[in-house]
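# Summary of structural features
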Amino acid sequence: MIQGASGSGKTTLLGLMAGLDQSSSGDIILLGEDLTSKNEEQRARVRAGRVGFVFQSFQLVQGATALQNVMLPIELGGKADAFELACKHLQEVGLESKADTLVEQLSGGEQQRVSIARAFAVEPTILFADEPTGNLDAKTGKQITDLMFRLRDQTGTTLVLVTHEQSLAERGDVHIQIESGELLNAD
Amino acid sequence: MLIATIITIAIVTASQLITQRIGLLLDRQASELLAADLVVASSAPLAQSYREKAGAEGLNVATTISMRTAIFIDDEPQLVELKAAGAGYPLRGQLETARDLNAEKQRPKQGPSNGEVWIDTRLSAQLGQSILLGKQSFEANWLLTFEPDRGGSLFNLAPRVLMNLDDLHDTGLIIPGSRVRCRVLFSGSGDQINRFRRWLKPRLQADESIQDIETARPEMRRALERTRSFFALSIILTLVIAMVAIAITASYTAGREAPKVAILRAFGIAQTRLVGFYLREIGKLWIIASLVGIAFGWLSQFPLQWALDGWFGRELPQVDTMQPFLVAALVGLVSLAGFCLPYLLSVIATPPMQVFRPVTSRRSLKRNVLFGVSAIVTVFLVLILLMQSSLLAVVTLGVILVATLMLPVIFGLLIRALLFSGNHRFWLKRYLLSRLRSSTRAAIVVMSGFSLALLAILMIAIVKDELLAAWDTQLPDDIPNYFLINLAREDVPQIRQSLEQQAIASSDPYPLVRTRLAAINGVPVAQIAFADPRASNLVNHTFNVSFSEVLPDDNAIIEGQWIAGENPTNQFSVEQGMAERLAIKIGDVIALSVGAETIEAPVSSIRTVLWENFKPNFYLIANRRLIEHKPQTWLLSARIEDNNKPALKQLLQQFPAITLLDVSILMARIQAIIDRATIALEFFFLFALASAFIVLLAAIQTGKAERQKESALLRALSAQNRQLYSVHVLEFTLMGLLVGFFAALFASLAGWLISVQFFDIDYHFSPTTWIYGLVSATLVLTIAGTMVSRKVYNISPMKILRS
């Protein structure tokens, strides 16, 4: 769990760890691979099939259905059974009935569930989540958190999560506190 | 938006400056056929007041007097066309002289000095001899190889002798009753000439007529009219492209400003304050864009000047008015007001919640109609500012308007059809369709904007190519370069046979009956007040009438029936231009004086004539019976190459009465105008092309942020470069194909309409338009679109997603 005040650098740290951002100094090792000297293309290759990401603002492909959004990373990874895998993951997040609904017609909570299904669809080794409940009400946020932890437990995926909610942070195994880009403590 | 407005103002400034400068140059070149910008001709000396007024206007003035007379060389008389030229002649163009036919040509600044004469190359044997002209003897010391205004009248039969006007009086050749042609030549700026022409017209006496480039030879007039019309078309279309750029960027800017305005309104800022703020912002933008745009427009003349000076052999004339700059600034203001204000006012009037949570409503439809009407009014105002009441501008606007209304609808329907075309399993196809679904409006804007730009480009290209092709076919390699005139009727078959034996291509022979227009519908022409000033040339001069059973080459009947049948009734076929100038209709009865007789007949048809084909062409053609027995000579035209010249000499010895008329000088002049106009047309095409590229970038820019964000998302989902390339290439290729297809379709229709209706040239369906349209749109859109989107390949997705 990564915690810190707004603007402390939590999301930046998460982006660097996930290889979605380029560091100006230091070394980043992800899944045993040094990302530091890799370009965008090479970092994408490292992430492919092994890293998932859940964004605070969902970042779904507009104009596409829930099912198509979940199928997208599977197909980008070149897997043939994208349709079946996507259906399975939508079912796991409880959205099988909304599979053919355009994502812009879903509620915020439903959109975040599609985003989680998409992240787990590539069966990642590690999943990064950037304040996944930040845009949701407390009740929906709780449902989303429960869903993510349930899937983590089912798949054994490592979950790296940025949050400033204390209740959510307490569910983590390792806690990192940062302030103004500085690591304060890690336990 | 600032850049688009700067470009619009720069385009207007540059196009106004360049067209005016090229127009001046073309006018000047055409003026060389007259050796002046304007000529007043009469059979008697002209009033001194004309010269005084011209002097007061700052015009240059020169005088010539010409007459047919006999000179004596070694007591042998010879008929010549004598011209006495005063100081300053020629005011436009240059004389050329040589010591002998093969010597290097000189370009003297003035005509002959006192006491000397220059003689026609046909009199070359007499060079250096003393020539008796009336009571005076002169020394012929130069051959006159070129005379700028010699080509202006095709039937200068006798050899030319040029002398100084001051010597004319002493020759005693002019006595009361002498048949002379007095010409006063004027030159100056366009404004000076126009002012002088307006002053002069009501003061002209019955025998006096104005000759200017408009009343010069019809071949020349047609070439100039077409060139000017093409420039007008190019300006309209280039402007349309620039205004499309303003419209696209205005829509983009309004979309970007909407959240800011909504927040300000949510905090209680009054709408009137916001309107005031944006009006001031637009005002500032206009001032900056005007200054920068005018500067750019002014600077852009220099590459053209540099490119054209070498080929034109002279400098482009300068424009000495502020009008191009003022018009450009005004066009900028009208464009900004017409395209930006409706968007900004609409944003200001939108309730803040509708900005934060956009919904499609009937109001947005109403707004779109408002934007459309505003855009149309704006384009129309700009065209009126630039083109005044040009019908060409109105028709072009109509074509663009139809395309503007139809293209978004067509593209919208096509996108819908694609979206409902089935359940696609291929991710790329599905992803593209989802992109189209989520950004239908942006896709329509890009495709419609670029289609309009490409449509304009293709229209310019089509009309340009048709125009050049028409000119090419009108001046083919085997065009006749000689007229054989003064042929006796009975000699014609033998002369033709002789030409055929020498493999010299010749036209059909035509009889010439010298006539003068006497009356129309029984009213003597002297009593008719013709509305068209060019009528006086036809009324005051004699002209040739021919007869024929066969419609001459390149003539086409546009009204009535051609003279046909075994023994047709007496009738005339009238050339279209003559019919217009004299307001002659089918059925009108024309009376002609032939010597002491008068003949009359009704008009049975009106013809178009291709004056540029250098074949025998006639204003009036009668049925055979009407003029068959009148005094006549015959003529035919022929293509005589240098290797045929000896055979020609033989022919002339056999038929000494034949007069040969070399029209190659006139042809060369017209070819020079066409060549120069071609360069200018090509330059304009480049100009329009550059503008279209700006539209393309503006159109792609509008969806750039969204496209980059979606690409960053794909990258976050581990998409590889080749997959991102596939997305962009396929998206823009699809757009390019659709854009190319519809732009080519509309351009072909519009090209046909404009070529036929305004340029009077045959339209040929060209597959190259479609190939250019499809290939250029696909390539340009794909390359430019991929280039603009390439940023995402090297930028961390997080940076884009968080921006």
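For the structure itself, consult the block above.
I will try to describe carefully the structure that is included in this document. (Residues numbered from 1 in each chain as written. Chains lettered and ligands numbered in written order. Predicted model: local features only at pLDDT ≥ 70, side-chain atom pairs only at ≥ 80, totals over all residues. Heavy atoms only, no water.)

### Overview of the overall build of chain A
Of the regular secondary structure elements, chain A holds 7 helices and 8 strands. A total of 187 residues make up chain A; the buried ones form 54% of that total. Counting only contacts in chain A whose residues sit at least 6 apart along the sequence, the fraction spanning at least 24 positions is 67%. Surface accessibility of chain A: about 8,100 Å² in total, with carbon and sulfur atoms responsible for 47%. (Helix = DSSP H or I, 4+ residues; strand = E, 2+ residues; numbered from the N terminus. Buried < 20%, exposed > 50% of the residue type's maximum accessible area, 1.4 Å probe, protein only. Contact = heavy atoms within 4.5 Å. Areas by Shrake-Rupley, 256 points an atom, 1.4 Å probe, with all protein chains shown as cover.)

### Some words on the side chain of Lys10(A)
Residue and element names in this part refer to chain A. Note on placement: Lys10 falls in helix H1 (residues 10-18). Looking at Lys10, its side chain comes within polar contact range of the main-chain oxygen of Ala5, at 3.1 Å. Non-local contacts of Lys10, meaning those with residues more than four positions away in its chain, are made with Ile2, Gln3, Gly4, Ala5, Glu131, Val162, Thr163, His164 and Ile178. (Polar contact = N/O pair within 3.5 Å; in protein donor to acceptor, adjacent residues only side chain to side chain.)

### Description of the nonpolar core
Residues and elements named next belong to chain B. Counting residues in hydrophobic clusters, the biggest one holds 77 residues, and the most contacted among them are Ile241, Met447, Leu455, Met459 and Leu781. If you tally residues by element for this core, the top one is helix H13 (residues 440-474), at 17 residues. Once you skip the residues sitting within four places of it in the chain, Leu455 turns out to touch Ile400, Ala403, Ala743, Phe746 and Ala747. Formed by 43 residues, the second largest nonpolar core is a distinct cluster that contains Ile520, Met578, Leu620 and Ala622. (Core = buried A, V, L, I, M, F, W, Y, C linked by side-chain atoms within 4.5 Å.)

### Here's the deal with empty space enclosed by the protein
Residues and elements named next belong to chain B. The tally for this structure, following the rule as stated, stands at 4 cavities of 30 Å³ or more. Computed from the structure, the largest cavity encloses a volume of approximately 100 Å³. Listing elements by their share of the lining of the largest cavity, those giving two or more residues are helix H12 (427-438), H13, helix H20 (704-716) and helix H21 (721-758). Among the elements that make up the lining of the largest cavity, the one with the highest residue count is H13 (3 residues). Split by residue class, the lining of the largest cavity holds 5 nonpolar, 2 polar and 4 charged. Each pocket or cavity is described by its volume, and for the second largest cavity that value is around 60 Å³. (1 Å grid on protein atoms, 1.4 Å probe; cavity = no way out; pocket = protein on both sides within 12 Å on 5 of 7 lines; lining within 4 Å. Points joined across faces, edges and corners; volume = space filled by probe spheres on them. Nonpolar A, V, L, I, M, F, W, Y, C, P; charged D, E, K, R; others polar.)

### Notes on a nonpolar patch on the surface
Together, Ile771(B), Val775(B), Leu779(B), Ile783(B) and Met787(B) make up an exposed nonpolar region whose accessible area comes to about 470 Å². Residue placement: Ile783(B) occurs in helix H22 (residues 767-789). (Patch = residues over 30% accessible without salt bridge, like charges linked within 9 Å, V, L, I, M, F, W, Y side chains within 5 Å. Salt bridge = Lys/Arg side-chain N within 4 Å of Asp/Glu carboxyl O.)

### Comments concerning the packing of aromatic side chains
Per the counting criterion, the structure on display carries 10 aromatic pairs over all chains. Each ring, one from Tyr50(B) and one from Trp199(B), has its centre 6.3 Å from the other, and the planes form 90°; the classification is edge-to-face. Taken together, the residues Tyr50(B) in helix H2 (residues 48-56) and Trp199(B) in helix H4 (residues 190-200) connect sequence positions 149 residues apart. Aromatic rings pair up to connect Tyr50(B), Phe186(B), Phe196(B) and Trp199(B) into one cluster. The ring of Phe149(A) carries the charged tip of Arg171(A) above its face, separated from the ring centre by 4.5 Å. Sitting above the plane of the Trp142(B) ring, Arg99(B) keeps its charged end 3.8 Å from the centroid. (Phe/Tyr/Trp six-rings, centres within 6.5 Å; stacked < 30°, edge-to-face > 60°. Lys NZ or Arg CZ within 6 Å of the ring centre and 35° of its normal.)

### As for the pattern of salt bridges
All names here are of chain B. The full count for this structure, using the stated rule, is 24 salt bridges over all chains. The partner of Arg92 in a salt bridge is Asp37, and the shortest N-O contact between them spans 2.8 Å. Placement of Arg92 in the loop between strand S3 (76-85) and strand S4 (96-98) and of Asp37 in the loop between helix H1 (2-31) and strand S1 (38-42) is noted, with a sequence separation of 55 residues between them. Comparing Arg92 with Asp37, the two get one shared label, buried. In this structure, Glu597 and Lys630 form a salt bridge, with 3.0 Å as the shortest nitrogen-oxygen distance.

### Examining the interface of chain A and chain B
Facing 31 residues of chain A, the contacting portion of chain B comprises 27 residues. In this structure, the connection of chain A to chain B is made through 1 salt bridge. One salt bridge in this structure joins Glu41(A) and Arg715(B), with 3.4 Å as the shortest N-O distance. Seen at the junction of chain A and chain B, the total is 6 residue pairs in polar contact (both at pLDDT 80 or more). Looking at the side of chain A that touches chain B, the elements with two or more residues in it are H1, helix H2 (40-47) and helix H3 (66-76) of chain A. Its residues assigned to classes, the side of chain A that touches chain B shows 14 nonpolar, 8 polar and 9 charged.

### Side note on H3(A)
Residues and elements named next belong to chain A. Of all 11 residues that make up H3, 11 are buried, and the element is covered over most of its length. If you check which residues of H3 are buried, you get Ala66, Leu67, Gln68, Asn69, Val70, Met71, Leu72, Pro73, Ile74, Glu75 and Leu76. Backbone geometry just downstream of H3 places Gly78 in the positive-phi region, at approximately 85°.

### Brief notes about the pairing of strand S17 (residues 589-594) of chain B
Residues and elements named next belong to chain B. For strand S12 (residues 510-520) and S17, the ladder comprises 4 bridges, and the chain directions are antiparallel. Considered in S17, the bridge of Ile520 is made with Ile590. Strand direction decides the pairing type here: S17 and strand S18 (residues 597-609), joined by 6 bridges, are antiparallel. Residue pairing for S18: Val589 is matched across the bridge by Pro602. Joining the antiparallel neighbours S17 and S18 is a turn of 2 residues, in which Gly595 adopts a positive phi near 60°. (Pairing = 2+ DSSP bridges.)

### Some remarks on the environment of Arg160(B)
All names here are of chain B. The residue Arg160 is located in strand S8 (residues 160-164) in this model. For Arg160 and Leu144, which are 16 residues apart along the polypeptide, the C-alpha to C-alpha distance reads 8.1 Å. From its side chain, Arg160 meets the backbone oxygen of Glu81 in a polar contact 3.3 Å long. One polar contact links Arg160 to Glu147, side chain to side chain, over a distance of 2.9 Å.

### Brief notes about the side chain of Ser42(B)
Residues and elements named next belong to chain B. Within the fold, Ser42 resides in strand S1. There is a polar contact of 3.0 Å between the side chain of Ser42 and the backbone nitrogen of Ala44. With residues up to four places along the chain from it excluded, the contact list for Ser42 reads Val180, Arg181, Cys182, Asp207 and Glu208.

### Considerations on the pairing of S18(B)
Residues and elements named next belong to chain B. Here 5 bridges tie strand S15 (residues 555-560) to S18, and the two strands are oriented antiparallel to one another. Counterpart to Ala556 in the pairing with S18 is Thr608. With 4 bridges joining them, strand S16 (residues 572-575) and S18 adopt parallel strand pairing. From the neighbouring strand, Ser573 faces S18, where its bridge partner is Ser605.

### With respect to unusual backbone geometry
It is generally the case that most residues other than glycine have a negative phi and that most peptide bonds are trans. A cis geometry characterises the amide bond from Tyr89(B) onward to Pro90(B), with omega recorded as -5°. You can see Pro90(B) is positioned in the loop between S3 and S4. Notably, Glu131(A) is not glycine yet its phi reads approximately 40°, a positive angle. In this structure, Ser718(B) takes a positive phi of about 75° despite not being glycine. Locating Ser718(B) in the fold gives a position in the loop between H20 and H21.

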